[in-house]
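# Survey of secondary and tertiary structure
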Amino acid sequence: MRTYNKKDCKKQKKSTKKKLNRLDDLERIAVELDAICRQRLADGAIHGGILAGMEPAIRQQALIKLIGGFLQKNADYIKARKSGDKGAVHNAMRRCAAIAMAYSKAEIAVELGCHLYRGTPVDENNGGFSLHPSLVKPSDLPANVKASMVMISVNRAVREGSLSVANASIVAMVCDKGLPVSEVAELVRIEPSAVYQQLRRVKLVLPEVMARVEVPWNF
């Protein structure tokens, strides 16, 4: 039987604190990226079209993409971080933010377009749909649709305050990017057990949110 050891206890506490600090790093990076995204796309900047008024959603989706693996795997950002040049790091973050926001705009436009199309009355010119998404069993949905529902729910949970951006970024790496837990842990610089802990936290929140999310019927 192993005896209690103060050194082991201190070492464990130090390790736990270190893991938490690294997760806090994600939040700090998120704050800086959010400021960059707000500079690039302020509220009310889109005056017309399907994306009008969607600026907050675009920024948030881009933010989750950025710290959900896109930024950490960007060659310019990695190089800048290694050099310790804060200006280069900021510039790399700005470039990554521009790309992520462009993707987010396109994805949200498609999502909104599909929603509008589902609301189109059925007439002789369009056959409508023979099966409403709500009638499809979750187990029969394609994997990419399931992943899309998870990310839509995660984005909503962040907006509602039940998940943090750091929580969402971990899910994005696993679900959206398809990264194994070991690679996520390496990117975020935490132990795999800490990644699993974050995922368990998200699993407690998602079921209730997903129950309110419509299936993205675009397949």
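Look up a bit, the structure's there.
Residues numbered from 1 in each chain as written. Predicted model: local features only at pLDDT ≥ 70, side-chain atom pairs only at ≥ 80, totals over all residues. Heavy atoms only, no water.

### What to know about the environment of Leu33
- Looking at where Leu33 falls in the secondary structure, it is placed in helix H1 (residues 6-40).
- Its relative accessible area of 0% is what places Leu33 among the buried residues.
- Measuring from C-alpha to C-alpha, the distance between Leu33 and Leu66 comes to 8.2 Å, with 33 residues separating the pair along the chain.
- Look past the residues within four positions of Leu33 in its chain and what remains in contact with it is Leu63, Leu66, Ile67, Leu71 and Met93. (Helix = DSSP H or I, 4+ residues; strand = E, 2+ residues; numbered from the N terminus. Buried < 20%, exposed > 50% of the residue type's maximum accessible area, 1.4 Å probe, protein only. Contact = heavy atoms within 4.5 Å.)

### A short note on the nonpolar core
- One finds Leu33, Met93, Val154 and Val195 to be the most contacted residues of the largest nonpolar core, which totals 53 residues.
- Elements supplying a minimum of two residues to this core: H1, helix H2 (55-70), helix H3 (75-83), helix H4 (86-118), helix H5 (143-160), helix H6 (165-176), helix H7 (181-188) and helix H8 (192-210).
- For this core, the element with the most residues is H4, which contributes eight residues. (Core = buried A, V, L, I, M, F, W, Y, C linked by side-chain atoms within 4.5 Å.)

### A word on the packing of H7 against H8
- Interaxial distance between H7 and H8 falls to 8 Å at its minimum, and their mutual angle equals 105 degrees. When the axis of H7 is compared with that of H8, the two are roughly perpendicular. Contacts between H7 and H8 involve Val181, Val184 and Ala185 from the former and Pro192, Val195, Tyr196 and Leu199 from the latter.
- Along the lines of polarity and charge, the residues of the contact of H7 with H8 split into seven nonpolar, no polar and no charged. (Axes fitted to C-alpha atoms, helices over the stretch in contact; angles between N-to-C directions. Parallel < 35°, antiparallel > 145°, perpendicular 65-115°, else oblique. Nonpolar A, V, L, I, M, F, W, Y, C, P; charged D, E, K, R; others polar.)

### Thoughts on the environment of Lys203
- Counting through the fold element by element, Lys203 comes out in helix H8.
- For the pair Lys203 and Val171, spaced 32 residues apart in sequence, the C-alpha to C-alpha distance is 9.9 Å.

### Some remarks on the pattern of salt bridges
- Within the structure shown, the criterion is met by seven salt bridges.
- Between Lys73 and Glu183 there is a salt bridge; the shortest N-O distance is 3.1 Å. Of this pair, Lys73 sits in the loop between H2 and H3 while Glu183 sits in helix H7; the two residues are 110 residues apart in sequence, bridging distant segments of the chain.
- For Glu183, a relative accessible area of 27% puts it in the partly exposed group.
- Connected through salt bridges with shared partners, the residues Glu160, Glu208 and Arg212 form a single ionic network. (Salt bridge = Lys/Arg side-chain N within 4 Å of Asp/Glu carboxyl O.)

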